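Inside the fold
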2 protein chains.
Amino acid sequence: MDLNPRKLRILRAIVDEYILSGAPVGSKVLSQNPSFKLSSATIRNEMADLEDLGYLEQPHTSAGRVPSDKAYRLYVNNMMQRSNLTEDEVKVMSAYCQNKVKGLDAVMRETASVLSRITHYTALVMMPESTTNRLRHLQLVPLAEGYALVVVVTDAGVARDSVIRVPVEMGADELGRLSRLISQRYYNCRMIEVGDRMMKELGGELQARGTFLTDLVDTMETAPGANAHRIALSGTNNMLDFPAYSDIDRARQLLAAVEKKDSMYQMLKNAGPFEISFRIGSELGQDIFSDCSLVTATYRIGSMPVGTMGVIGPTRMPYGKVVSVLDYMSKSLGSILTNLLEED
Amino acid sequence: MDLNPRKLRILRAIVDEYILSGAPVGSKVLSQNPSFKLSSATIRNEMADLEDLGYLEQPHTSAGRVPSDKAYRLYVNNMMQRSNLTEDEVKVMSAYCQNKVKGLDAVMRETASVLSRITHYTALVMMPESTTNRLRHLQLVPLAEGYALVVVVTDAGVARDSVIRVPVEMGADELGRLSRLISQRYYNCRMIEVGDRMMKELGGELQARGTFLTDLVDTMETAPGANAHRIALSGTNNMLDFPAYSDIDRARQLLAAVEKKDSMYQMLKNAGPFEISFRIGSELGQDIFSDCSLVTATYRIGSMPVGTMGVIGPTRMPYGKVVSVLDYMSKSLGSILTNLLEED
DNA sequence: GATTAGCACTCATGGGAATGGAGTGCTAAA
DNA sequence: TTTAGCACTCCATTCCCATGAGTGCTAATC
């Protein structure tokens, strides 16, 4: 008893049907499908076999069958075909971010938003990161006396949002001078090296400035990391649409889990550098997500993979459609970022 | 038949009890309260009167009474007393944002987060805004060729995240020079005037730069506005805890409404410049919020009100507690911002 | 040997009917 | 003016039963 072609065809029909209807699939509806010239009894026998093999499950004795995670895995590996995008979808996706140039944050947020609106699921977009980040520009912006905003521009994006203390006697002019100095001297330097070099080469000059230099170096080193751990999240509410979560308690747990950005980041990260990757139900390794799948795509700056975006939905999501959307969006984001940051 | 003292006492007891239990309050539990030396029958009569006067409602004939919006309004105006904060609460609130200096965004997000964690409701914090914003510093940070990040620092905070196109021939040096020029010449200028003056005074010099100057001015003028329209939102999930929203459909609608930041911004804005303000149920003017109240507090930089923070919860929230928390947090945020940005 | 018709069986679902209980309004007595 | 008492209302819960979809198994058929 192995997976002969007929079993495969039946399994595929069950998955397709279940994704469409959401209700357990019985032998009768399949036998009515004209592409099968089999009676319901025959199909029942095959279904019983498929259940023994672990591809199908029965919610209860007198219900139809539901695909197992194993079945979905087989489906996405061997049976699924990408579906074509509708004109409307392409319109929405190609229109986004075209009108204005925006900051990195805004681009990420918009990407997530479009992704969730089109799929009707929850979208995650990881900030771009790169182990070979290089410095493009450093700017110290004076705030109140004794404080400055540190703006670090790397070839993978802008890392901001860090305020550090500066010696009171350093005015706007001095901060400007220092910004120019560092930007010029360390232009195109790898971010992981910049800190060490600055400590060595500028240590003397800035010795009198107390902890200022170390603070600055710390900020520069952690900034890209902090950036990396950030993800844009959109459409969490869509989780509530899954019939499986009509139970309010489960729904709340799920929402809470999704909003833990750290663990979501890990999930994206774990997907690996594949063009498209699937993690189905139990493969996600978290009980609360046992009815969910995560489909991810890698996006690139130039030809270098720098980040991952993904969609979380019910295991019975229309994978073909989701893959097409992710494929389109990851390329789209890639080209936006490449334009925004490309080496001159 | 008017609101004699006894009616007031009964009404207050009903509101307190209902806020505590969430279940309609019957005459019997009140008569068992030793502070009333009245039989349940007497209380029933008074309750019937209070219902005629519009202060109480009955879900159905044989249920207890529930306070109406009118009753809550009377309660917060005349009967409520602030409750003391627990040691734990004070510890959490005083610890937040103490350890590190952070950017404005981070401070706002943390404030919202603390607020929602302590109240267990949904917290909204408006970015600081001021009609008398003054320029502190402008910095153009070179990105890829032809693009620059505009960083505007005002006395009310940092407005960032805007990228503009710049003429390709303007290099990092030229951008730095221009930044210094503008920062010096327009230091402490009102933001609403800066644009006009720049157009007049720099128009000649930058005539050859195409739309660069207008783009820059646009960005500077809209930046504080865009900033103003931004709010930090936290704890939206807490909405799902309200028993009133155990219906998944309503819950979804509510979540969707809360995440429309524009309309949330308007709601905060409408609260006016009062120290503490309440908007109860129907007073919010949106059907979906008919079971919710919004309590807001104004926060200040120095002595000038610059923003509003608020908490959305069920109309039966413990107003006394919420007011105490908002009061504490608004002062706390005010002093953080004042320190961060105070005039030297 | 593979397929199918037929049948008994299981079990989730949904619609009453019965029950219990909380709370009310009203009346008459204190 | 207050209260005890009582009839009444209506929600919530439980139980029961009919329904129907779908199954597994067996025996007949191709």
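Structure first, text after, so check above.
What this report covers is the structure whose coordinates are included nearby. (Residues numbered from 1 in each chain as written. Chains lettered and ligands numbered in written order. Predicted model: local features only at pLDDT ≥ 70, side-chain atom pairs only at ≥ 80, totals over all residues. Heavy atoms only, no water.)

1. Side note on the pairing of strand β9 (residues 292-301) of chain A
All names here are of chain A. With nine of ten residues buried, β9 is to be regarded as a mostly interior element. Relative to β9, strand β8 (residues 276-280) is paired through five bridges, and the arrangement is antiparallel. Opposite I280, over in β9, you have S293 as the bridge partner. Here ten bridges tie β9 to strand β10 (residues 304-314), and the two strands are oriented antiparallel to one another. What sits directly across from Y299, in β10, is G307. (Buried < 20%, exposed > 50% of the residue type's maximum accessible area, 1.4 Å probe, protein only. Helix = DSSP H or I, 4+ residues; strand = E, 2+ residues; numbered from the N terminus. Pairing = 2+ DSSP bridges.)

2. Describing the protein's contact with DNA strand D
Neighbouring DNA strand D are 21 residues; S27(A), R65(A), T42(B), T61(B) and S62(B) lie closest to it. Near the protein, within 4 Å, the atoms of DNA strand D are sugar or phosphate in 77% of cases. A distance of 3.3 Å is found between a sugar or linking oxygen of DNA strand D and a backbone nitrogen or oxygen belonging to S62(A). Interatomic distance of 3.1 Å between a side-chain N/O atom of S62(B) and a base oxygen of DNA strand D. At the level of secondary structure, the elements contributing two or more residues to the surface near DNA strand D comprise α3 (40-52) of chain A together with α3 (40-52) of chain B. With four residues, the single largest contributor to the surface near DNA strand D is α3(B). Considered class by class, the residues forming the surface near DNA strand D number four nonpolar, twelve polar and five charged. (Near = heavy atom within 4 Å. Polar contact = N/O pair within 3.5 Å; in protein donor to acceptor, adjacent residues only side chain to side chain. Nonpolar A, V, L, I, M, F, W, Y, C, P; charged D, E, K, R; others polar.)

3. Some remarks on the packing of helix α5 (residues 87-95) of chain A against helix α6 (residues 104-119) of chain A
All names here are of chain A. In the contact formed by α5 and α6, the axes pass within 10 Å of each other and the chain directions differ by 170°. In terms of orientation, α5 lies roughly antiparallel with respect to α6. Here α5 contributes E89, V92 and M93 to the contact with α6, which in turn contributes V114, R117 and I118. A breakdown of the residues in the contact of α5 with α6 according to their chemical character gives four nonpolar, no polar and two charged. (Axes fitted to C-alpha atoms, helices over the stretch in contact; angles between N-to-C directions. Parallel < 35°, antiparallel > 145°, perpendicular 65-115°, else oblique. Contact = heavy atoms within 4.5 Å.)

4. Remarks on the sheet that holds strand β7 (residues 231-234) of chain A
Residues and elements named next belong to chain A. Here five strands make up an open sheet; going across it, the order is β7-β3-β10-β9-β8 and the pairing antiparallel. Two strands bound the open sheet, and with one partner strand each, they are β7 and β8. Recorded for the sheet is a direction-independent mean angle of 15° between the axes of neighbouring strands. Packing of helix α11 (residues 261-270) onto the sheet brings it into contact with β3 (122-126), β7, β8, β9 and β10, and relative to β3 it is tilted by some 75°.

5. Re the environment of L138(B)
Residue placement: L138(B) occurs in strand β4 (residues 135-142). When the C-alpha atoms of L138(B) and R300(B) are compared, they prove to be 24 Å apart, with 162 residues separating the residues in sequence.

6. Let's talk about unusual backbone geometry
Residues and elements named next belong to chain A. Located in the positive-phi region is H120, a residue other than glycine, with phi close to 65°. Using a relative accessible area of 53% as the deciding quantity, one classes H120 as exposed. Positive phi outside glycine occurs at N188, with the angle close to 70°. Structurally, the position occupied by N188 is in the loop between α7 (172-185) and α8 (191-202). Accessibility expressed as a relative area gives 29% for N188, which makes it partly exposed.

7. Overview of the protein's contact with DNA strand C
Surveying the vicinity of DNA strand C reveals 21 residues, the closest of which are S39(A), T42(A), T61(A), S62(A) and S27(B). Those atoms of DNA strand C that come within 4 Å of the protein belong to sugar or phosphate at a rate of 77%. Elements with a contribution of two residues or more to the surface near DNA strand C: α3 of chain A together with α3 of chain B. Examining the composition of the surface near DNA strand C, we find that four residues originate from one element, α3(A), more than from any other. By residue class, the composition of the surface near DNA strand C is four nonpolar, twelve polar and five charged.

8. Details of the pattern of salt bridges
What the rule picks out here adds up to 30 salt bridges over all chains. The salt bridge partner of E201(A) is R185(A), with a shortest N-O separation of 3.3 Å. A residue pair is termed long-range when its members are at least 10 positions apart, and E201(A) in helix α8 and R185(A) in helix α7 qualify at 16 residues. Its relative accessible area of 38% is what places R185(A) among the partly exposed residues. Note that R6(B) and E46(B) form a salt bridge whose closest N and O atoms lie 2.7 Å from each other. Taken as a pair, R6(B) in helix α1 (residues 5-21) and E46(B) in helix α3 lie far apart in primary sequence, 40 residues in all. The class of E46(B) is buried, set by a relative accessible area of 5%. Via salt bridges that share partners, R6(A), K7(A), E46(A) and D49(A) belong to a single interconnected network. (Salt bridge = Lys/Arg side-chain N within 4 Å of Asp/Glu carboxyl O.)

9. Here's the deal with the side chain of S332(B)
Residue and element names in this part refer to chain B. Relative to the elements of secondary structure, S332 occurs in helix α12 (residues 319-341). Given the relative accessible area of 15%, S332 is considered buried. Excluding anything up to four places from it in sequence, S332 contacts M93 and Y96.

10. With respect to the sheet that holds strand β9 (residues 292-301) of chain B
All names here are of chain B. Read across the open sheet, the five strands follow the order β7-β3-β10-β9-β8; overall the sheet is antiparallel. Among the strands making up the open sheet, the edge pair consists of β7 (231-234) and β8 (276-280). Pairwise comparison of adjacent strand axes, ignoring direction, gives a mean angle of 15° for this sheet. Taken strand by strand, helix α6 (residues 104-119) contacts β3 (122-126), β7, β9 and β10 (304-314), and its axis lies near 155° from that of β3.

11. Digging into the packing of aromatic side chains
Residues and elements named next belong to chain A. In total, this model carries seven aromatic pairs over all chains according to the counting rule given. Each ring, one from Y72 and one from Y319, has its centre 6.0 Å from the other, and the planes form 55°; the classification is tilted. Here the residue Y72 occupies a position in helix α4 (residues 69-79), and Y319 occupies one in helix α12 (residues 319-341), the gap between them amounting to 247 residues. An identical accessibility class is assigned to Y72 and Y319; each is buried. Relative to Y319, the ring of F278 has its centre 6.0 Å away and its plane inclined at 65°; by these criteria the two rings are edge-to-face. One end of the pair, F278, is in strand β8; the other, Y319, is in helix α12, with 41 residues separating them in the sequence. Using a relative accessible area of 1% as the deciding quantity, one classes Y319 as buried. (Phe/Tyr/Trp six-rings, centres within 6.5 Å; stacked < 30°, edge-to-face > 60°.)

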